[in-house]
Amino acid sequence: MHSEKPKHDFEPKIIAFVCTWCTYAGADLAGTSRMQYPSNVRVLKFPCTGRIDPVFILKAFQQGADGILVSGCHPGDCHYIAGNYHARRRFAVFRKLLEFIGVDLNRIQFSWVSAAEGGKWVEVVTDLTERVRAMGPMVEFKDLVLEEQWSGNLNNPELQAVYEAM
Amino acid sequence: MTQTIDISSYSAITDAIRNEARRILSDSTVSAVIGYTAGRRKGSTQPIVITTADDADQLIFSAACLNDLVVYLTKAKKDVPKGGRIGIVVKGCDLKALVGLLGESQLKRENLYLIGIPCSGVLGSLLKPAAELTTETIASKCCECTDQLPVGCDFVPTVTPTPLPDLEKRYANEIARLEAMNPSERWEFWKEQFSKCIKCYACRQVCPFCFCEQCLCDRNRPQMVEQTPRPLGNTAWHLMRAMHLAGRCAGCGECERVCPMDIPLNLLNRKMAKELKELFNSEAGFEVREAGPLTSYREDDDQSFIR
Amino acid sequence: MSRIGVFICHCGENISRTVDVEQVAAQAALMPGVAFAVDYKYMCSDPGQNLVKNAITEHRLTHVVVAACSPRMHERTFRKAVEQAGLNPFLCEMANIREHCSWVHEDREEATDKAIEIVGMLVERVKKNRVLPTITVPVTKRALVIGGGIAGIQAALDIADAGHQVVLVEREPSIGGHMAQLSETFPTLDCSQCIMTPKMVDVANHPNITLHTYSEIEQVDGYIGNFQITVRKKARSVDEHKCTGCGVCMTKCPQKKIPNSFDCNLGTRTAIYVPFPQAVPNVPVIDRENCTMFKSGKCGVCQKACGPGAVDFEQQDQLIVEPVGAIVVSTGFELYRITEKTKGSPIKGYGEFGHGKIPDVIDGMTFERLASASGPTGGKIQRPSDGKEPKQVVFIQCVGSRSREKGISYCSKVCCMYTAKHTMLYHHKVHDGQAYVFFMDARVPGKSYDEFWRRAIEDEEAVYIRGMVSRLYQKGDKIVVMGSDISVGVQVEIEADLVVLATAVQPQKGADLLAQKLGISYDKYNFYSEAHAKLRPVECATAGIYLAGACQGPKDIPDTVSQASAAAAKVMTLFAKDKLEREPIVARVKESGCVGCFACKKVCAYGAIEEKEIRDRQGNLVKVVAYVNPGVCAGCGTCQATCPSKSVELDGYTDEQIVAMIEAL
Ligand SMILES: Cc1cc2nc3c(=O)[nH]c(=O)nc-3n(C[C@H](O)[C@H](O)[C@H](O)COP(=O)(O)OP(=O)(O)OC[C@H]3O[C@@H](n4cnc5c(N)ncnc54)[C@H](O)[C@@H]3O)c2cc1C
Ligand code: SF4
Ligand code: SF4
Ligand code: SF4
Ligand code: SF4
Ligand code: SF4
Ligand code: FES
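Residues numbered from 1 in each chain as written. Chains lettered and ligands numbered in written order. Predicted model: local features only at pLDDT ≥ 70, side-chain atom pairs only at ≥ 80, totals over all residues. Heavy atoms only, no water.

Q: Which residues make up the interface of chain A and chain B, and what are the values?
A: Listed as interface residues are 47 residues of chain A and, on the opposing side, 50 residues of chain B. Roughly 4,700 Å² is buried in total at the junction of chain A and chain B, and carbon and sulfur atoms are behind 67% of that figure. At the boundary of chain A with chain B, the tally comes to four salt bridges. Notably, a salt bridge pairs E226 of chain B with K59 of chain A, separated by 3.6 Å at the nearest N-O pair. Here chain A and chain B share 15 residue pairs in polar contact (both at pLDDT 80 or more) between them. With 16 residues, the single largest contributor to the side of chain A that touches chain B is helix 3 (residues 83–101) of chain A. (Contact = heavy atoms within 4.5 Å. Buried area = accessible area lost by both parts, 1.4 Å probe. Salt bridge = Lys/Arg side-chain N within 4 Å of Asp/Glu carboxyl O. Polar contact = N/O pair within 3.5 Å; in protein donor to acceptor, adjacent residues only side chain to side chain. Helix = DSSP H or I, 4+ residues; strand = E, 2+ residues; numbered from the N terminus.)

In structure tokens, the structure reads:
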């Protein structure tokens with residue numbers, strides 16, 4: 001079972017935005033079924049895809065994400081009736097915007113993964129990881145970060161401490 | 001070939017607006033009228049709020065009446081509507097913004113008296129306000145305008161707008177040009193554009209729909225968008241802004257006009273509008289919508305992009 | 001400063017086999033804000049939980065991260081433990097390093113790195129967690145049932161028998177609904193009245209049931225546990241308390257020829273009337289449109305005849321406010337009528353069947369009245385035009401139903417069975433008669449249903465013709481029915497004396513208006529929508545509102561009664577506690593930022609968002625903002641993602657918490 005895994009030059013950073021009720025549970029099922037997939041993905045749990053704000057995706061790219069996954073319940077199965085319908089429209093438009101400003105849409109995957117689809121979770125995550133690995137790092141946003149001559153970052157530890165004290 | 005556009009009707013429109021303003025102010029239908037008046041430079045115009053019938057003669061309409069006055073109803077002159085019903089002069093594009101605001105509970109129709117303009121086009125810029133209106137100088141938004149005659153107003157001068165000649169569809173062409181590029185070329189284009197932004201927020205200030213009391217990009221706990229005028233934060237600001245206006249933007253083009261750095265903001269807006277029309281058959285119009293395309297859904301919406 | 005405790009579980013070997021838990025603990029200890037980090041074999045065991053509890057006191061921890069299995073597994077366990085140690089449970093988060101890490105990765109180094117990053121994310125998140133008090137909502141233990149058909153009756157009786165007060169509101173002068181109109185019922189052929197009336201009387205006599213007949217819902221305010229219902233009690237013109245139900249008034253009324261809609265207009269009634277003899281309450285009502293007194297101001301015969309002086313021409317509509325905690329909606333159905341094409345009806349019309357033009361083309365309910373022993377003909381099958389006994393009867397199924405072109409694509413579900421029943425009743429009463437049935441398919445699943453349908457064909461000699469009728473027309477005193485038998489591929493033509501159409505079952509007129517008052521959703525036909533087609537078939541998405549009977553979709557009596565009892569059980573579950581406790585994962589509006597665009601309200605599937613006026617001290621309106629009712633909000637967060645200025649935030653999933661996680665990556 002312990003086959004030697006090939007080492008790659010580039011390990012992409014994949015961030016997954018998922019809803020609790022379906023995709024998170026589907027990923028849990030992949031775990032309980034001991035399925036294997038690349039360890040690149042970091043999962044952020046949301047109550048529902050309806051809560052996922054496009055700004056988070058921008059944030060993730062700025063934080064150095066190379067690939068993004070947004071996943072929730074199949075249409076009609078949203079735990080909150082219609083959250084995924086709203087998300088579907090929101091992301092249909094947002095991905096067009098990203099495409100228009102020059103983001104390669106191959107870096108972003110949207111999927112419906114139900115609580116019973118552990119296998120689909122593994123497929124989706126593996127495919128995305130492999131695809132993004134082949135594409136290489138997402139340099140566009142990283143370049144922008146480099147171009148920030150003055151960081152302007154208000155979240156530095158000093159200011160953070162001041163906030164906490166407030 | 002540059003062609004002159006006939007705007008001889010604008011003097012008749014000016015007279016009609018003045019008469020109507022005089023009438024509704026003197027019989028107290030409204031407490032104020034928001035319109036255009038002559039500016040200091042020759043040919044230029046500026047917004048004006050008049051409150052007495054005597055001032056009605058100050059109102060004008062010309063090819064230099066670019067402002068979308070609707071913004072005065074939600075922002076600068078927020079208190080004006082509190083004085084009672086007010087009159088406002090609107091072109092077709094402005095009216096679409098106003099209708100959008102009605103749908104977003106920012107205005108009440110019964111508090112407004114709408115004076116619609118049968119519009120034959122306005123200039124693209126106020127830099128040369130006295131310039132002749134031609135197929136060159138006309139605003140880009142006018143080149144693609146399908147709503148020259150406003151619908152649903154309380155008063156519209158009985159003038160037929162000049163049918164616009166076949167104008168180059170500047171936005172559509174530019175969108176097509178960009179779409180034909182590969183992603184990295186597009187990224188370079190926009191990176192260049194966004195890097196010019198100085199975060200003056202004139203675009204936000206002038207947009208009728210940016211009526212938020214606290215804009216998301218001014219928030220710092222958490223900081224959603226970097227606030228410095230630097231490439232990273234600029235990109236985030238422009239994407240966020242395009243998303244916030246998607247499905248709401250009426251295409252008045254004011255954001256693009258006021259941008260001191262000449263960033264083609266309306267190009268993003270038009271692209272979003274194009275996609276919304278294609279995806280959900282939804283576009284800004286003269287009828288108040290119960291919900292916009294991004295606050296509603298259909299069970300059978302396209303999901304071909306979802307695995 | 002936060003003092004976070006990180007607790008890393010080995011899960012026996014489930015985690016520690018692939019993840020170097022000691023290293024995770026060592027790295028966690030170095031993370032900013034972490035005051036204590038430890039690993040342990042079984043964190044969820046009693047000693048494990050005690051370890052967490054003791055560490056909280058010993059190290060004065062302010063927040064806790066448990067790195068173990070999925071939060072779906074043990075979040076509750078650890079939040080409870082943390083609460084027992086005196087911390088707010090929502091200051092505890094779980095880092096999933098089992099299902100999402102140790103079980104799905106083999107490489108120890110990779111898995112360990114990932115586990116450290118996951119813990120890091122949760123450490124950053126938990127710093128932004130806020131103390132969230134559990135939300136409690138008081139529950140008014142009184143239920144409202146809307147619609148007094150068999151569904152409403154059953155639900156009301158069940159809830160009342162459990163000891164709770166019930167308010168039953170019925171639009172008509174009597175409860176009973178359609179079942180009171182039926183003759184005998186499939187699949188047992190017992191008399192509908194005989195099984196129905198005792199239940200109706202139980203309702204009338206039940207000490208826990210307040211009955212408002214001839215009443216409608218005017219307004220609905222409030223939310224689960226705390227609804228305020230305004231009921232409009234229409235002027236009956238007869239004082240319910242004084243009337244003894246003797247019925248003298250009805251014998252004296254000069255208006256005797258008013259078509260009785262209870263009998264599908266086959267019989268007549270007076271202007272002061274009870275719709276049928278077994279009506280509950282047995283109190284007449286004056287039909288003001290047809291009453292001589294109301295039309296000309298002269299008459300009042302009934303008033304003079306009434307011993308107790310119950311007749312009151314001056315009576316006004318009354319508005320009654322009823323506080324209730326739960327609502328059962330059971331407004332039932334109506335039959336689609338070809339002649340009365342209602343505005344907005346999805347059906348495009350069936351002019352070809354001559355209903356409304358040819359008097360002897362009737363619908364299924366009319367046939368029920370003809371066959372009913374207490375009906376206008378005393379149970380004799382006589383055709384409406386001339387009262388003759390029909391010798392050839394054609395039944396046509398699926399009229400209106402199951403044809404997308406005509407407007408309705410659903411199956412009305414009861415027609416196959418009641419048509420089979422009709423052929424039997426007909427055969428029992430007219431021994432030399434012949435019944436023909438045009439049908440597309442026989443859809444008769446259900447206990448003893450197939451047997452029943454077969455009996456109609458095999459024992460009761462009904463002729464079933466698979467195919468649709470193309471046309472029918474009057475010829476002398478016959479009705480010529482033309483159709484095709486597709487099973488043998490021939491045209492058939494029958495000269496019938498009576499034609500019975502099994503018209504589609506539709507929601508009641510105005511079902512949409514009632515739904516709008518209640519804030520519940522409905523489909524394109526106006527049937528009310530359940531919260532989940534499979535797992536929550538009796539609940540509405542709107543908390544505290546339940547569905548019973550044909551208002552949710554076509555149903556027969558057994559299904560209706562089952563759903564009614566299920567709805568009652570849901571109400572009783574709600575009433576089992578004095579206060580409703582719920583997770584405080586709800587949205588909250590920051591009024592200072594909200595500009596009242598109500599984008600949030602438009603996307604909220606639960607109707608949790610209301611408009612709230614903010615006024616200054618002088619009472620001037622400052623602005624209108626959104627308000628989230630925490631009793632109703634389900635916590636999906638769609639509102640927040642939609643609000644441009646993020647003036648509405650979902651507790652437990654705030655932007656700060658999420659951004660903190662992203663920034664930890
Ligand atoms: C011709 C025919 C024959 C049938 N035969 C059989 C049979 O043999 N066996 C069988 O199992 N099923 C039979 N059915 C089905 C049966 O009639 C239904 O299953 C049953 O009546 C459904 O009950 P309900 O309480 O849901 O609706 P309904 O009986 O329609 O009752 C609804 C009640 O709500 C009231 N109401 C409506 N709107 C409002 C409002 N806004 N406010 C207040 N009150 C309101 C109505 O006045 C009515 O009293 C038959 C149906 C038809 C059409
Ligand atoms: S950019 Fe967005 S948040 Fe900012 S003012 Fe405009 S709509 Fe509001
Ligand atoms: S985004 Fe620009 S074009 Fe659109 S409504 Fe606002 S100002 Fe006008
Ligand atoms: S007006 Fe132009 S420069 Fe100013 S913030 Fe807007 S895009 Fe940037
Ligand atoms: S909370 Fe946001 S979306 Fe809702 S009304 Fe207020 S500003 Fe609009
Ligand atoms: S969180 Fe969901 S349910 Fe709650 S108010 Fe917002 S949209 Fe409605
Ligand atoms: S709960 Fe999964 S998409 Fe809404």
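Q: Can you break down the state of the cysteines residue by residue, with the values?
A: Any covalent bond linking the sulfur atoms of two cysteines counts as a disulfide. All names here are of chain C. Summed over the entire model, instances satisfying the criterion amount to one disulfide over all chains. The residue that forms a disulfide with C191 is C194, at a sulfur-sulfur distance of 2.2 Å. Taking the torsion about the sulfur-sulfur bond, which here is approximately 90°, the covalent link between C191 and C194 counts as right-handed. (Disulfide = S-S within 2.5 Å.)

Q: Explain the domain arrangement of chain C residue by residue, including any values.
A: In terms of domain boundaries, chain C breaks down into domain 1 (4–127), domain 2 (135–234 + 317–332 + 520–579), domain 3 (235–316), domain 4 (337–506) and domain 5 (587–663). For domain 1 of chain C and domain 4 of chain C, the distance between their C-alpha centroids amounts to 69 Å. (Domains from an automatic or database assignment.)

Q: A description of unusual backbone geometry should follow, citing residues and the corresponding values.
A: Only a minority of non-glycine residues have a phi that is not negative, and only a minority of peptide bonds are not trans. The omega torsion across R221 of chain B and P222 of chain B is 0°, close enough to zero to call that bond cis. With respect to the element layout, P222 of chain B can be found in the loop between helix 7 (202–206) and helix 8 (231–245). Look at the link from V280 of chain C to P281 of chain C: it is a cis peptide, with omega at 0°. Here P281 of chain C shows up in the loop between strand 15 (272–273) and strand 16 (285–286). A positive phi angle is found at I81 of chain A, which is not glycine, with a value near 70°. Since its relative accessible area comes to 26%, I81 of chain A is described here as partly exposed. The phi angle at S28 of chain B is positive, at roughly 60°, despite the residue not being glycine. In this structure, S28 of chain B sits in the loop between helix 1 (9–26) and strand 1 (32–38). Owing to a relative accessible area of 59%, S28 of chain B belongs among the exposed residues under this scheme. (Buried < 20%, exposed > 50% of the residue type's maximum accessible area, 1.4 Å probe, protein only.)

Q: How would you explain the interface of chain A and chain C if you had to name every residue and give the values?
A: Contact residues are listed per partner, giving 47 residues for chain A and 43 residues for chain C. Where chain A abuts chain C, roughly 4,100 Å² becomes buried across the two surfaces, and 55% of that area is made up of carbon and sulfur atoms. Area buried by chain A at its contact with chain C is led by R42, R51 and Y80 of chain A, which between them contribute 16% of it. Here chain A and chain C share five salt bridges between them. The partner of R42 of chain A in a salt bridge is E117 of chain C, and the shortest N-O contact between them spans 3.0 Å. Among the secondary structure elements, those contributing two or more residues to the side of chain A that touches chain C are strand 1 (14–19), helix 1 (20–32), strand 2 (41–46), helix 2 (54–62), helix 3 and helix 6 (157–165) of chain A.

Q: So, the nonpolar core: which residues are in play, and what are the values?
A: A general feature of soluble globular proteins is that nonpolar side chains tend to end up buried together. By size, the foremost hydrophobic cluster in this structure holds 223 residues, and its most contacted members are F17 and L44 of chain A. If we ignore the near neighbours within four places in the chain, the residues touching F17 of chain A are L44, F46, I52, F56, I57, A60, I68, L69, V70 and S71 of chain A together with I662 of chain C. Residues V30, Y72, V122 and C143 of chain B belong to the second largest nonpolar core, which totals 68 residues. (Core = buried A, V, L, I, M, F, W, Y, C linked by side-chain atoms within 4.5 Å.)

Q: So what about the packing of helix 1 (residues 21–30) of chain C against helix 5 (residues 108–127) of chain C? Which residues, and what values?
A: Residue and element names in this part refer to chain C. Viewed as axis vectors pointing N to C, helix 1 and helix 5 meet at an angle of 35°, and their least axial separation amounts to 10 Å. Here helix 1 runs over helix 5; the crossing is right-handed. Where helix 1 abuts helix 5, its residues Q23, V24, Q27 and A28 lie against T112, A115, I116 and V119. Taken together, the residues that form the contact of helix 1 with helix 5 break down as five nonpolar, three polar and no charged. (Axes fitted to C-alpha atoms, helices over the stretch in contact; angles between N-to-C directions. Left-handed = near helix turned anticlockwise from the far one by under 90°. Nonpolar A, V, L, I, M, F, W, Y, C, P; charged D, E, K, R; others polar.)

Q: Quick one: what's the story with the sheet that holds strand 18 (residues 326–329) of chain C, residue by residue and with numbers?
A: In any sheet, the strands associate via hydrogen bonds between backbone groups, in a parallel or an antiparallel arrangement. All names here are of chain C. Strand order in this open sheet of five strands is 10-7-6-18-29, and the pairing throughout is parallel. Looking along the sheet, the strands with just one partner apiece sit at the ends: strand 10 (209–212) and strand 29 (545–547). Within this sheet the neighbouring strands show an average axis-to-axis angle of 20°, counted without direction. Pairing of strand 6 (residues 142–146) with strand 18 involves four bridges; the strand directions are parallel. (Pairing = 2+ DSSP bridges.)

Q: Hey, could you go over the site of ligand 3 for me, with residue numbers and the actual values?
A: Residue and element names in this part refer to chain B. Inspection of the region around ligand 3 gives 14 residues, with C207, C249, C252, G253 and C255 positioned closest. Contributing elements (two or more residues each) for the shell around ligand 3: helix 8, helix 9 (254–258) and helix 10 (265–280). Residue composition of the shell around ligand 3, grouped by class: eight nonpolar, four polar and two charged. (Near = heavy atom within 4 Å.)

Q: Explain the pattern of salt bridges to me, using residue names and the numbers behind them.
A: Going through the model one piece at a time under the given rule, you end up with 71 salt bridges over all chains. One salt bridge in this structure joins E11 of chain A and R133 of chain A, with 2.6 Å as the shortest N-O distance. Highlighted residues: E11 of chain A in the segment before strand 1 and R133 of chain A in helix 4 (residues 118–135), separated in sequence by 122 residues. Take E11 of chain A: its relative accessible area is 39%, and that puts it in the partly exposed class. One salt bridge connects E539 of chain C with K570 of chain C, and the closest N-O pair in it is separated by 3.2 Å. Pair noted here: E539 of chain C is in the loop between helix 14 (511–518) and strand 29 and K570 of chain C is in helix 15 (residues 557–575), with a separation of 31 residues, a long-range link. Connected through shared salt-bridge partners, D360, R383, D386, K388 and D477 of chain C make up one network.

Q: So what's going on with the site of ligand 5? Residues and values would help.
A: Looking at ligand 5, the residues that line it are C594, V595, G596, C597, F598, A599, C600, A626, C643, S645, S647 and V648 of chain C. Of the residues belonging to the shell around ligand 5, the class tally is nine nonpolar, three polar and no charged.

Q: Summarise the packing of aromatic side chains; cite the residues concerned and give the values.
A: Scanning all chains against the criterion turns up 25 aromatic pairs over all chains. Each ring, one from W21 of chain A and one from Y80 of chain A, has its centre 6.5 Å from the other, and the planes form 75°; the classification is edge-to-face. Of this pair, W21 of chain A sits in helix 1 while Y80 of chain A sits in the loop between strand 3 (67–72) and helix 3, placing them 59 residues apart in sequence. With 4.8 Å between their ring centres and 70° between their planes, Y10 of chain B and F61 of chain B make a pair best called edge-to-face. Residue Y10 of chain B is found in helix 1, and its partner F61 of chain B is found in the loop between strand 3 (59–60) and helix 2 (71–74); the two are separated by 51 residues along the sequence. Judged on exposure class, the residue Y10 of chain B and its partner F61 of chain B are both buried. An aromatic cluster of three or more residues is present, and its members are F100 of chain A together with F189, W190 and F194 of chain B. Note that K601 of chain C overlies the ring of F598 of chain C, its terminal NZ or CZ placed 5.9 Å from the centroid. (Phe/Tyr/Trp six-rings, centres within 6.5 Å; stacked < 30°, edge-to-face > 60°. Lys NZ or Arg CZ within 6 Å of the ring centre and 35° of its normal.)

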